[in-house]
Amino acid sequence: MLPLSGIKVVEFGQVAAGPFCGMLLADMGADVVKVESPEGDGLRNWPPHTANPAEPEAPGFSENFASLNRNKRSVALDLREADQLAAARRLALAADVVLENFRPGALPRLGLGYDALAKEKPALVYCSISAFGQIGPRAAEGGFDLTVQAIGGVMSVTGEADGRPVKCGVPLADFSAGLYAAFAIVSALRKASRDGIGQHIDIAMLGATLGIAALQTSEFFGTGRDPVKLGSAHPRNAPYQAFRAKDGYFAMAAGNDKLWLSVCEALGRPDLAADPRFSSTALRAKNQEALCEFLEAAFADSPVSELLDLFAARGVPCAPINTYSQVLADPQVADMGWVRPLELANGARTLTFVSPLRMSRETFGVYRRPPALGEHTAEVLAELGIPVPKGPAQSA
C-alpha cells in the first residue's frame, strides 16, 4: 500500500508539467488515468524512439514520453464527440483529483472546468497548470519552458557574463511547476479528507519559476539591483564555481572560512589565506575574479582527478563536471537504486530514472509500464459502467 493508494486522478495533460505532476502522484500509488486525444500526447512524437528488436520495422516508442508517464493508464477520447465528452465528464466526477495543463478556459468551455464539476462534487481537488495562471493580463497567453525561463528572469542570470542569453539545460519551469502542483494537490487532499471541501489549485509556471528563484529575488529586494550572470560562480560565496585544471574543469565549493583555509593548506598557499581581499566570505565573493585567477594558476599543472582527491581528503566539497552517462553510472546512483529496467508498450526494454524519494516503509519504482495510447480505454470505462464510445484509439 503506497501512500496515495486509493486516490483516483484524471490527468488531462500534455508534454511536461502536467504529466510530470501526474507521474509524481502515480509513483506514490495514485491511480492516474491519462485522458488523451485520439492523436495522443504530443510527447509521444518526441525522439528518441526505441524499437522492439524482435520487430525492428514496427514503430518505436518515445523514451521521452516513457520518462514522464510510467505507472499511469491511458484512455483515448475525442472530446469533440458528445458521447466521448460525456465519458470524460463521468471520469472526472469519479475522481478525487482532476489535473490539467491546457490554456485557461479550454476545459471550462467543454464543461470540464472546476466550477461545473465542483457543483456536483464539492470535494473535488482540481489543479490547473498554465504558463501564467488562470487570471491576470497574461492568462490567455501560451508558454513553453523556454519562454517562461526568458520572461521569468532565469536567462538573465544563466551563462557567462559576456555571453548571449542561454536557458538552463534542464527544463526547470516545467518541472518546478509540476513539483509545486503535486505538493499542492496532496495538501488539498488532506483538507478535503478533513472537511469534505475541495478547491481549484492555480499553478503558474511563471510563479513556480520565481518561487525557486528566492536567492535572486531577495537580492533584488535587498539591493535594488538586478542579479547578473556569473557563469558557474555565486554572487555571495567564493570560491564556489567551476575551475580550469590541466586536463579539464571541476567544481569546488569552499563555502565558508574553514573550508577556504583547507583549500589554502591543500595548495600550500598560506599567502592566499593571509591576503586581505580574501579574508572573509563576503570579501572573497567581492573579489572572486582575482581569486579565480590565483586558483586557476595554482591548478594549471594538476589533472582534475588529482585535485579532486586533494580537496576531498580535506573535506572540501568538490566534483567532476559529469555528463549524464557518467553520473548515471556513478556508484551512488546504483546504490540508491534510482535506475531501473523499464518495459515499453511495444515490448522493447530500456532503463529509466525512478522516483529519487526514499521512505522507511516504501520504495517507489515502476509497477505499471508507460501506456500505449488508449490502452486502457475499455478497462477504465468499464469500471464506471460506461460503454466504449465508437472510435477512440486503443493502442499506438
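Throughout, a residue's number is its position along its own chain's written sequence, starting from 1. Given that this is a predicted model, residues contribute local features only at a pLDDT of at least 70 and side-chain atom pairs are listed and counted only at 80 or more, while totals for whole chains, interfaces and linings are drawn from all residues. To obtain the side-chain values, all non-hydrogen atoms of the structure were used and water was disregarded.

Undergrad: Explain the overall build of the protein here, please?
TA: Per the secondary structure count, the protein includes 16 helices and 13 strands. Its C-alpha atoms give the protein principal-axis dimensions of roughly 80 × 55 × 40 Å. Three labels apply to residues, based on accessible area from a 1.4 Å probe with only protein chains included: buried if under 20% of the type maximum, exposed if over 50%, partly exposed otherwise in between. Taking all 396 residues of the protein together, 43% fall into the buried category. Contacts spanning at least 24 positions in sequence make up 68% of the contacts within the protein whose residues lie at least 6 apart. Roughly 20000 Å² of accessible area belongs to the protein as shown, and the carbon and sulfur atoms make up 58% of that amount. For helices the rule is a DSSP run of H or I covering at least 4 residues; for strands it is a run of E covering at least 2, with both sets numbered from the N terminus onward. Should any heavy atoms of two residues lie within 4.5 Å, those residues are considered in contact. Residue burial considers only the protein chains on display, and all accessible areas are found by Shrake-Rupley using a 1.4 Å probe.

Undergrad: Help me out: how do you make sense of a nonpolar patch on the surface in this one?
TA: Patches in this entry comprise residues that are over 30% relatively accessible and not in a salt bridge; like charges within 9 Å are linked, as are nonpolar side chains (Val, Leu, Ile, Met, Phe, Trp, Tyr) within 5 Å. Take a side-chain nitrogen of Lys or Arg and a carboxyl oxygen of Asp or Glu: if they are within 4 Å of each other, that pair is a salt bridge. Side chains of Val170, Tyr324, Val327, Leu328, Val339, Leu351 and Phe353 sit close together on the surface and give an oily, nonpolar patch of about 630 Å² of accessible area. Among the elements that make up the nonpolar patch, the one with the highest residue count is helix H14 (residues 324–328) (3 residues). Checked against the element boundaries, Phe353 lands in strand E13 (residues 349–353). Since its relative accessible area comes to 37%, Phe353 is described here as partly exposed.

Undergrad: Sorry if this is basic, but what is going on with the pairing of strand E10 (residues 248–253) here?
TA: On a regular strand, one side chain projects to one face of the sheet and the next to the other, so that they alternate. Of the pairings in the sheet, the one linking strand E9 (residues 240–245) to E10 comprises 6 bridges and is antiparallel in character. Opposite Arg244, over in E10, you have Tyr249 as the bridge partner. Here the rule is simple: two strands pair whenever DSSP picks up at least two bridges between them. Count of turn residues in the E9/E10 antiparallel hairpin: 2 residues. Here 3 bridges tie E10 to strand E11 (residues 318–320), and the two strands are oriented antiparallel to one another. Counterpart to Ala251 in the pairing with E11 is Ala319.

Undergrad: Teacher, can you tell me more about the nonpolar core here?
TA: Soluble globular proteins tend to pack their nonpolar side chains together in the buried interior. Definition of nonpolar core: a set of buried residues of the types Ala, Val, Leu, Ile, Met, Phe, Trp, Tyr and Cys, connected through side-chain atoms within 4.5 Å. Grouped together as the largest cluster of nonpolar side chains are 32 residues, with contacts concentrated most on Leu25, Ile129 and Ile185. Of all the elements, helix H6 (residues 172–195) adds the most residues to this core, at 9 residues. Counting 24 residues, the second largest nonpolar core, distinct from the first, contains Val10, Val33, Val75 and Ala88.

Undergrad: What am I meant to see in the packing of helix H1 (residues 17–27) against H6 here?
TA: Two quantities define a packed helix pair, namely the angle between the helix axes and the distance between the axes. Closest axis-to-axis distance for the H1/H6 pair is 8 Å, and the angle between their directions is 45 degrees. Classed by the angle they form, the pair H1 and H6 counts as oblique. Here the hand of the crossing between H1 and H6 comes out right-handed. Contacts between H1 and H6 involve Ala17, Phe20, Cys21, Leu24 and Leu25 from the former and Asp174, Phe175, Ala177, Gly178, Leu179, Ala181, Ala182, Ile185 and Val186 from the latter. The class makeup of the residues in the contact of H1 with H6 is 12 nonpolar, 1 polar and 1 charged. To obtain an axis, a line is fitted to C-alpha atoms, over the contacting stretch when the element is a helix, and the angle between two such axes runs from 0 to 180 degrees between their N-to-C directions. Throughout, the term roughly parallel applies to angles under 35 degrees, roughly antiparallel to angles over 145, roughly perpendicular to angles from 65 to 115, and oblique to all others. Two helices that cross are described as forming a left-handed crossing if the nearer one is turned anticlockwise from the farther one by less than a right angle, and a right-handed crossing if clockwise. Under the scheme applied here, ten amino acids are nonpolar (Ala, Val, Leu, Ile, Met, Phe, Trp, Tyr, Cys and Pro), four are charged (Asp, Glu, Lys and Arg), and all others, including Gly, are polar.

Undergrad: Teacher, can you tell me more about unusual backbone geometry here?
TA: What is expected of a backbone is that most residues other than glycine have negative phi and most peptide bonds are trans. The linkage connecting Pro47 with the following residue, Pro48, adopts the cis geometry, with an omega of 5 degrees. Relative to the elements of secondary structure, Pro48 occurs in the loop between strand E2 (31–36) and strand E3 (49–50). For the bond running from Ala238 to Pro239, omega is -5 degrees, close enough to zero to count as cis. Among the secondary structure elements, Pro239 is positioned in the loop between helix H8 (214–223) and E9. Notably, Val15 is not glycine yet its phi reads approximately 65 degrees, a positive angle. Residue placement: Val15 occurs in the loop between strand E1 (8–12) and H1. On the basis of relative accessible area, Val15 is assigned to the partly exposed category, the value being 21%.

Undergrad: I tried to follow the sheet that holds E9 on my own but got confused; where do I start?
TA: Consider a sheet: its strands pair through backbone hydrogen bonds, and that pairing is either parallel or antiparallel. Sheet architecture is open: 3 strands sit in the order E9-E10-E11, paired in antiparallel fashion. With one partner strand each, in any of the chains shown, E9 and E11 form the two edges of the open sheet. The sheet shows a mean angle of 30 degrees between the axes of neighbouring strands, taken without regard to direction. The strands that helix H12 (residues 288–299) touches are E9 and E10; relative to E9, the one it contacts most, it runs at about 35 degrees. Contacts from helix H13 (residues 304–312) reach E9, E10 and E11 within the one sheet, and its direction differs from that of E10 by about 15 degrees.

Undergrad: I would appreciate a short explanation of the sheet that holds E2 in the present structure.
TA: The strand order E5-E2-E1-E6-E7-E8 describes an open sheet built from 6 strands, whose pairing is parallel. Either end of the sheet is taken by a strand with one partner, and the two such strands are strand E5 (72–76) and strand E8 (199–204). With strand direction ignored, the average angle separating the axes of adjacent strands in the sheet is 20 degrees. Looking at chain direction, strand E6 (residues 97–100) and strand E7 (residues 125–130) are connected through 4 bridges and run parallel. Its bridge partner lying in E7, Leu99 is registered against Cys127. Sheet strands touched by helix H3 (residues 82–93): E1, E2, E5 and E6. Its angle to E1, the strand with the most contacts, is close to 140 degrees.

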